[in-house]
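# Structural overview
Each chain is listed here by its residues.
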Amino acid sequence: MLYPFIFRPIFKDRIWGGRELERLFAKKIPAGKPIGESWEISDRPGDASVIANGPLAGKDLRWLMENHAAEILGGAKPAADGRFPLLCKILDAREKLSLQVHPPASKAAELGGEPKTEMWFIADAAPDASLYVGLKRGVTRTEFEKKIADGGVADCFHRIPVRAGDTMFLPSGRVHAIGDGLVIFEIQQNSDTTYRVFDWNRTGLDGKPRELHIAQSLASIDFNDFEPKLVEAKFVADGKIQKRPLVNDPLFNVEAWKLNSGANGLLKSKKLQIVAVTSGEIEIKSGSTSVNLSAGQFSLIPASLEQTEILAKSDAALLRVEAN
C-alpha cells in the first residue's frame, strides 16, 4: 500500500545561486557552493528523487512509476516515456537568471526539446526584487532581434516588482527571467529544456560564457505576449482554511492554503496531489500513516489514497498542486 511520500532533495549548484535554502528552510546544502536549485520531486533521467520516509525509503520515484504508476497517477497523464508528469523545485536566485524561453508544444519536437509550462510562487523577496516576464507592449520581433544584436534585449522585457506571496504563471513560449534576491517555489512540467536569449555577459561556473540559443528562442517566443500580470485572485474562506486559486491549466492546478494553528482540512480524494509547505508546520494523515512537514518540504500524495487530512501544527501556508 502506498502512502504520502517525502523525498531527499537534489541540490544543483548554479552561478546565480546562494545559501538562502539553508537559512530559510534549514536544508543541508553542500558547503562552499552557490546552490541555485533544490529539486524536491523529480523523475528526470539521472535525477530521480529518492524516498525518505516509510517502508519504501531508499526506492526512488522512477521505481514508483515503473511499479505503481496507476496508483500514483489515477487519472493524471504521465510525461514522456511514462515519467512522473511534474517537476517541483525551490530556486534561490542571488543574481539574475538568463533571459530565456521554453518551447511551446507546437514547436518543441522540431527544435529537439520538451515543452515547459510552469508557475512561480515567491517565497522570499528582497525589497527591490522583480521578475522579467513577457514583452513590453508594442515590441516587435524585428525590434527584439535588433536588440539581441546590439546587446540591449533586456529593454524589451516587461519588468514586474514582486514580494513574498506573489505568483506568476508562465506558459511555454513566454519569455522570462528571475531577478536577483528571490526564493521561488517552482511547479512545472517534467521538462528541462531552456533556450537562453541573453545571459548578462557573464561566465558560467567553468569560467566560460554560457551557451545562447538565439534561433531556438526566436522560434519559441510568443511575440504577442505583452505585459502579463501576476495572479490576482484573492483568498476565500473554505471552512477553517483560506484558499486562493493560483493556476487552472490542462497540465496542473495549484491553489494556496492558509491555516491557523490547529485547523484541519481534507485533500481531494482519488487525485494525484503534491503538498508544498511555504511556511509553518503541518501534519499529513492518511490511514495509519502520518507525515510531518515544515517550510520548504514537499509531499507526493498518490491518487490511490482515499482520504488524506492536513492538520496545521502551527500557523501555516502551503501550495496544493493537482496533476491533470
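Below you will find a few notes about this structure. (Residues numbered from 1 in each chain as written. Predicted model: local features only at pLDDT ≥ 70, side-chain atom pairs only at ≥ 80, totals over all residues. Heavy atoms only, no water.)

## Let's talk about the nonpolar core
Rule in force here: Among buried residues, those of type Ala, Val, Leu, Ile, Met, Phe, Trp, Tyr and Cys that are joined through side-chain atoms within 4.5 Å constitute a nonpolar core. Here's how the labels work: a residue is buried when its accessible area is under 20% of the maximum for its type, exposed when over 50%, partly exposed in between, all with a 1.4 Å probe on protein chains only. Here a strand is any run of E in DSSP of at least two residues, a helix any run of H or I of at least four, and the numbering for each starts at the N terminus. Note on contacts: a residue pair qualifies if any of its non-hydrogen atoms lie within 4.5 Å across the two residues.
Among the nonpolar cores identified, the biggest contains 42 residues, and Phe5, Ile72 and Phe84 are the most heavily contacted of them. For this core, the element with the most residues is helix α2 (residues 61-73), which contributes five residues. The residues contacting Phe84, other than those within four sequence positions of it, are Ile41, Asp43, Leu61, Met65, Ile72, Ala79, Asn190, Leu272, Ile274 and Leu300. Among the nonpolar cores identified, the runner-up in size contains 18 residues, and Leu267, Val291, Leu293 and Ile301 belong to it.

## Overview of the sheet that holds strand β16 (residues 252-259)
In plain terms, the rule: Two strands form a pair only when DSSP identifies at least two bridges running between them. Angles shown run from 0 to 180 degrees and are taken between the N-to-C directions of axes, each axis being a line fitted to C-alpha atoms and, for helices, limited to the stretch in contact.
Across the sheet, which stays open at both edges, the six strands sit in the order β14-β15-β16-β23-β18-β21 with antiparallel pairing between neighbours. The strands lining the two open edges of the sheet, one partner per strand, are β14 (236-238) and β21 (298-301). Averaged over all pairs of adjacent strands, the angle between strand axes in this sheet comes to 30 degrees, irrespective of strand direction. Taken together, the six bridges between strand β18 (residues 273-279) and strand β23 (residues 316-323) define a ladder with antiparallel strand orientation. Bridge pairing links Ser279 to Ala317 in β23.

## Remarks on unusual backbone geometry
Across residues other than glycine, the phi torsion is negative in most instances, and most of the peptide bonds are trans. For Ala26, which is not a glycine, the phi torsion comes out positive at approximately 55 degrees. Taking relative accessible area as the criterion, Ala26 reaches 61% and is therefore assigned exposed. Although it is not a glycine, Asp81 adopts a positive phi angle of roughly 60 degrees. By the element assignment, Asp81 lies in the loop between α2 and β5 (86-93).

## Quick look at the sheet that holds strand β7 (residues 118-125)
Spatial ordering of the open sheet is given by β1-β2-β5-β12-β7-β10, a layout of six strands whose pairing is antiparallel. Each having just a single partner strand, β1 (10-18) and β10 (167-170) make up the two edges of the open sheet. Across the sheet, the mean angle from the axis of one strand to that of its neighbour is 20 degrees, orientation sign disregarded. Relative to β10, β7 is paired through four bridges, and the arrangement is antiparallel. What sits directly across from Met119, in β10, is Phe169.

## Thoughts on the packing of aromatic side chains
Inclusion rule: The aromatic pairing rule takes the rings of Phe, Tyr and Trp, using the six-membered ring of Trp, and pairs them if the centres are within 6.5 Å, calling planes under 30 degrees apart stacked, those over 60 edge-to-face and the rest tilted. Cation placement over rings: the criterion is NZ of Lys or CZ of Arg within 6 Å of the ring centroid and within 35° of the ring normal.
By the definition in use, this model includes nine aromatic pairs. With a centroid separation of 6.3 Å and 35 degrees between ring planes, the pair formed by Phe5 and Phe7 is classed as tilted. Pair check on accessibility: Phe5 and Phe7 agree, each one buried. With 5.9 Å between their ring centres and 90 degrees between their planes, Phe25 and Phe185 make a pair best called edge-to-face. A residue pair is termed long-range when its members are at least 10 positions apart, and Phe25 in helix α1 (residues 20-25) and Phe185 in strand β12 (residues 182-189) qualify at 160 residues. With a relative accessible area of 12%, Phe25 lands in the buried category. What links up through ring pairs into an aromatic cluster is the set Phe25, Phe121, Phe185 and Phe298. The ring of Trp39 has Lys12 sitting right over it, with the charged end atom 4.6 Å from the ring centre. In this arrangement the basic side chain of Lys96 is found over the ring face of Trp200, its NZ or CZ atom lying 4.3 Å from the centre.

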